[in-house]
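The primary structure of each chain is shown beneath.
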Amino acid sequence: MAYDPDLNEIVLYGGASSSDTWTWDGIDWTQVFPTNAPHDRYAYPMVYDGAAHTVVIFGGFSSGPALGDTWQLAPAH
């Protein structure tokens, strides 16, 4: 989960068995469909990159060894 100040929302990315992406505006959760999102994973860091104006996910785990990929997650409303 990471706060995106451009959207003024919290962004939540799925996890181990789901690649759902949701945003929280302080009142409601809304499922969004990013134009670019990683496959299912868990135990990954997720932060907002102010220079790129996007949420970034790095690595984590899937069904095998630790992942070393980086994704810019841009929720599409």
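This one's a predicted model, so the numbers in the text were calculated from it and none came from an experiment.

1. As for the sheet that holds strand β6 (residues 54–60)
What the three strands build is an open sheet, ordered β5-β6-β7; its pairing is antiparallel. Where the open sheet ends on each side, the last strands, each with one partner, are β5 (46–49) and β7 (67–73). Strand-to-strand twist across the sheet, computed as the mean angle between neighbouring axes with direction ignored, equals 25 degrees. Bridge analysis of β5 against β6 gives four bridges, and the strand direction is antiparallel. The residue of β6 that forms the bridge with M46 is I57.

2. Here we look at the environment of L7
Relative to the elements of secondary structure, L7 occurs in the loop between β1 (2–4) and β2 (9–15). Under the relative-accessibility criterion, L7 is labelled partly exposed at 30%. For the pair L7 and F58, spaced 51 residues apart in the sequence, the C-alpha separation amounts to 21 Å.

What counts and what doesn't
- Residues numbered from 1 in each chain as written.
- Predicted model: local features only at pLDDT ≥ 70, side-chain atom pairs only at ≥ 80, totals over all residues.
- Heavy atoms only, no water.
- Pairing = 2+ DSSP bridges.
- Helix = DSSP H or I, 4+ residues; strand = E, 2+ residues; numbered from the N terminus.
- Axes fitted to C-alpha atoms, helices over the stretch in contact; angles between N-to-C directions.
- Buried < 20%, exposed > 50% of the residue type's maximum accessible area, 1.4 Å probe, protein only.

Scope: geometric values only; no functional claims are made or implied.
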